[in-house]
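Residues per chain are reported as follows:
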Amino acid sequence: SAAPSTSYASAFLPPPPSPSDGDLLRSLHRLARDLSAADAPAPFLRAAFASVSRRARLLAAAFDDLLLCAAGEGDLPRSASLCLREVLLVLQRFKAVVADCAARSRTLLLLQSDETDAELRDLHHDLATLLDLLPVVELGLADDVMDLLALASRQCRRCASAAEPEPALKTTVLSLIEEIEREIVPERERLEEILEEVGINDPASCSDEIESLEREIGDRASERWTAAMIALVGLLRYAKCVLFSATPRPSDSKADVDVEDDGESPAPPPDLRCPISLDLMRDPVVAASGQTYDRESIDRWFSSGKSTCPKTGQVLANLELVPNKSLKNLISKWCRENGVAMEVCEASKSEQAQAVAANKAALEVARMTASYLVKKLSVSFSPDAANRVVHEIRLLSKSGSDNRAFVGEAGAVPMLVPLLYSEDAGLQLNAVTALLNLSILEANKKRIMHADGAVEAVTHIMSSGTTWRAKENAAAAVLSLASVHTYRRRLGRNPSVVEKLVHLVRTGPTSTKKDALAALLSLAGERENVGKLTAAAVLAALAKRGGAEAIVSIDGAVARLVAEMRRGTEWARESATAALVLLCRRLGARAVTQVMGVAGVEWAIWELMGTGTDRARRKAASLGRICRRWAAASAADGERGAECPASSVVPPAMMAS
């Protein structure tokens, strides 16, 4: 008969051997030593962790003696071996609790302190029971070692029976949240004392706590305490502004500093890229095939009607997606280490924004923070002081329409505009990024467009910004403002805005080009602006990046490109011809018909083939070939016959093969 398959045969294999008694004792000794050195992750847990540490030290001494006995006498008695294996499991659970506490934010640990206390009491009870059952006489232990084990058992029982009352600190924090809901501004001294007890006493620890809390909220670490966690994020932001005035950490602004001449962000490792989009994953999820994709990309794949794995091609048993939290943590770590902004997926952003909007304490503390920052900015006379405040305004306005509304209502926009001219790279970057964040809100668009000199200041950064990141964010701000019809028309009328955007398209790094092109495409949607944009010869770049439909649908756009090809500057003629070639290739007869309908286009092509730059000549030749093919196809049409409009006027140079 055929040999059984590997999976079938594996069912008859014996289980892996249990560790020897020597290995068991060494594991117990190592675990006890590790627990004895465990540090409390927060001041309010010092007593609980000190208690665990003391028991662990007693056990480590006892296991040290047991190791010596086992080395001399061989295997342990069976009853002792079984009991010690159970002790090992309990110590492993102790270590898991310690590791879990170390990974959580301090404030969530405080909110969950009763749960942690109950878990530790249960573990102390289990350990005490096992120590009482341990046959110490059969082990032949010395009297002092037996005394150590007995002492450890008594102490464990005492800990297991003594339920700790809810920490006063937790009650104080929850009371503070309730006061904020009643619009009571927390006193500075009281806030400082509370945070000192939590273990937050400088800008770095405060920023770390905010990041940890936000990550836990996104991961739904505790449904019971989500509302309090959201409120605490806002409270910590307020505390960071009021209590900890320090220069922004490098990790806060590293992504905005040019470390290379081309201004490009570091490329993410292949394992962190989505196999579909090849971009850094924001919300990694695992499909039924076991492959990981970015949620947005795989959702689009499924929405298109496909039910296969994009990477392996196999048909999926189901279309369920499981979040890959471990990879998400790795991506977050890589982003922090490389100064790359970690974008949150739109679904998570929406959920968090809704949760904040429904949280009165979070809204009130955000309003307090915005008011405090704007007042502080009004009296910040040095670039360093202003930079600290503007950095916090930028962070506050980064997420949530309510935050943007509070900052705008507090009067931040007129104060940010003059800072766009600052020669301090950090201050200028923070100011333009804050304006960009604020511009997402409709009401703030009006505030920016009506602020004296705001458009001119943004234009100044696009031309003379200290970093490419600042220039990029200025272009993105124009794109945001141009989403409103009246502002789009006003921006398009400003020749300086168009000129600077075109310059960014020509000279900027990839990310900057994208924002500048998007802004130009938005401005091109306004008919009144088309002349200025074609005169700038930028539609070639727009056509190349998906703007062909928009260009051809605008009355007069193609005719203006032909006119530019005839009368523009050398670079403009070259770019206009390139745009026409792209339009014809992307849209076919629809575009070619418009091109051939412009009087004199044949002679313009012929002239450019003789007098243009090398690139212009190549593009003109390509356009000529396209026109000849169109003319030939039209002539071959039985209904039109020889009525092709170009057949009698095509110059000899164009008719050559």
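Residues numbered from 1 in each chain as written. Predicted model: local features only at pLDDT ≥ 70, side-chain atom pairs only at ≥ 80, totals over all residues. Heavy atoms only, no water.

An unreviewed UniProt entry lists the protein chain under the name RING-type E3 ubiquitin transferase, with Aegilops tauschii subsp. strangulata given as the organism. Per UniProt, the protein chain carries the Catalytic activity (unreviewed entry) text "S-ubiquitinyl-[E2 ubiquitin-conjugating enzyme]-L-cysteine + [acceptor protein]-L-lysine = [E2 ubiquitin-conjugating enzyme]-L-cysteine + N(6)-ubiquitinyl-[acceptor protein]-L-lysine." The record in UniProt for the protein chain states the following under Pathway (unreviewed entry): "Protein modification; protein ubiquitination." (UniProt positions renumbered as here; feature names shortened; annotations may be inferred.)

Student: Please provide a residue-by-residue account of the overall build of the protein chain, values included.
Tutor: Helix and strand counts for the protein chain come out as 35 helices and three strands. Counting the 657 residues in the protein chain, one finds 48% classified as buried. Across the protein chain, the fraction of contacts at a sequence separation of at least 24, relative to all contacts at a separation of at least 6, is 71%. When the accessible surface of the protein chain is summed, it comes to about 31700 Å², and 52% of that surface belongs to carbon and sulfur atoms. (Helix = DSSP H or I, 4+ residues; strand = E, 2+ residues; numbered from the N terminus. Buried < 20%, exposed > 50% of the residue type's maximum accessible area, 1.4 Å probe, protein only. Contact = heavy atoms within 4.5 Å. Areas by Shrake-Rupley, 256 points an atom, 1.4 Å probe, with all protein chains shown as cover.)

Student: So, the packing of aromatic side chains: which residues are in play, and what are the values?
Tutor: Across all of its chains, the model carries two aromatic pairs by this definition. Taking the centre distance of 6.3 Å and the plane angle of 65° together, the rings of Y238 and Y372 count as edge-to-face. Of the two residues, Y238 is situated in helix α12 (residues 226–243) and Y372 in helix α17 (residues 360–378); the sequence distance between them amounts to 134 residues. With relative accessibility at 25%, the residue Y372 sits in the partly exposed group. (Phe/Tyr/Trp six-rings, centres within 6.5 Å; stacked < 30°, edge-to-face > 60°.)

Student: Any chance you could break down the packing of helix α4 (residues 78–103) against helix α6 (residues 113–133) for me, citing the residues and the numbers?
Tutor: Here α4 crosses α6 at 160°, and the two axes come no closer than 10 Å. Taken together, the axes of α4 and α6 are roughly antiparallel relative to one another. Between α4 and α6 lies a crossing of left-handed hand. Contacts between α4 and α6 pair C83, E86, V87, V90, R93, F94, V97 and C101 from the former with T116, E119, L120, L123, H124, D126, L127, L130 and L133 from the latter. Per-class residue counts for the contact of α4 with α6 are 11 nonpolar, two polar and four charged. (Axes fitted to C-alpha atoms, helices over the stretch in contact; angles between N-to-C directions. Parallel < 35°, antiparallel > 145°, perpendicular 65-115°, else oblique. Left-handed = near helix turned anticlockwise from the far one by under 90°. Nonpolar A, V, L, I, M, F, W, Y, C, P; charged D, E, K, R; others polar.)

Student: So what's going on with the sheet that holds strand β3 (residues 322–323)? Residues and values would help.
Tutor: By way of backbone hydrogen bonds, the strands of a sheet pair with one another, either parallel or antiparallel. The strand order across the open sheet formed by three strands is β2-β1-β3, and the pairing between neighbours is antiparallel. If you trace the sheet from one side to the other, it starts and ends with β2 (292–294) and β3, each paired once. Sheet topology note: the strand β1 (residues 284–286)/β2 ladder contains three bridges and is antiparallel. Looking at the pairing, P284 lines up with D294 of β2. Sitting on the sheet, helix α14 (residues 295–303) touches β1, β2 and β3, and the angle it makes with β2 is about 95°. (Pairing = 2+ DSSP bridges.)

Student: I'd like a rundown of the nonpolar core, residues and numbers included.
Tutor: Among the nonpolar cores identified, the biggest contains 57 residues, and L416, L491 and L501 are the most heavily contacted of them. Tallying contributions element by element places helix α21 (residues 425–439) first for this core, with seven residues. The contacts of L501, once residues within four sequence positions are left out, are M462, A475, V478, A516, A519, L520 and L523. L76, C101, L134 and V136 belong to the second-largest nonpolar core, a separate cluster that totals 44 residues. (Core = buried A, V, L, I, M, F, W, Y, C linked by side-chain atoms within 4.5 Å.)

Student: Any details on helix α32 (residues 589–596)? Residues and values, ideally.
Tutor: Listing the buried residues of α32 in full gives A591, V592, V595 and M596. Across the axial projection of α32, the buried residues extend over an arc of 130°, all falling on one side. (Arc of directions from axis to C-beta.)

Student: Summarise the state of the cysteines; cite the residues concerned and give the values.
Tutor: In total, this model carries zero disulfides according to the counting rule given. Lacking any disulfide linkage, C159 is separated from the closest cysteine sulfur, that of C156, by 6.7 Å. (Disulfide = S-S within 2.5 Å.)

Student: Got a sec to walk through the side chain of H29? Specific residues and values, please.
Tutor: Summarising the element assignment, H29 is placed in helix α2 (residues 21–36). For H29, the contacting residues outside a window of four places in its chain are A60, F63, D64 and L67.

Student: Can you lay out the side chain of K445 for me, pointing to particular residues and giving the numbers?
Tutor: On the secondary structure map, K445 appears in helix α22 (residues 442–450). Excluding its chain neighbours within four sequence positions, the residues that come into contact with K445 are S439, I440, S480, L481, S483, V484 and Y487.

Student: Before we move on, can you summarise a negative patch on the surface with the specific residues and values?
Tutor: There is a patch of like negative charges on the surface, built from E187, E189, E192, E193, E196 and E197. Tracing the backbone shows E192 in helix α10 (residues 188–198). Among the residues examined, E192 registers a relative accessible area of 44% and is labelled partly exposed. (Patch = residues over 30% accessible without salt bridge, like charges linked within 9 Å, V, L, I, M, F, W, Y side chains within 5 Å. Salt bridge = Lys/Arg side-chain N within 4 Å of Asp/Glu carboxyl O. Lys, Arg positive; Asp, Glu negative; His and termini not counted. Charge placed at Lys NZ, Arg CZ, Asp CG, Glu CD.)

Student: Go over the pattern of salt bridges with me, naming the residues and quoting the values.
Tutor: One pass over the structure, following the stated rule, counts 21 salt bridges. Between R104 and D100 there is a salt bridge whose closest N-O contact spans 2.7 Å. A residue is classified by how much of its surface remains accessible, and R104, at 18% relative accessible area, is buried. As a salt-bridge pair, D384 and R388 come within 2.6 Å of each other at their nearest N and O atoms.

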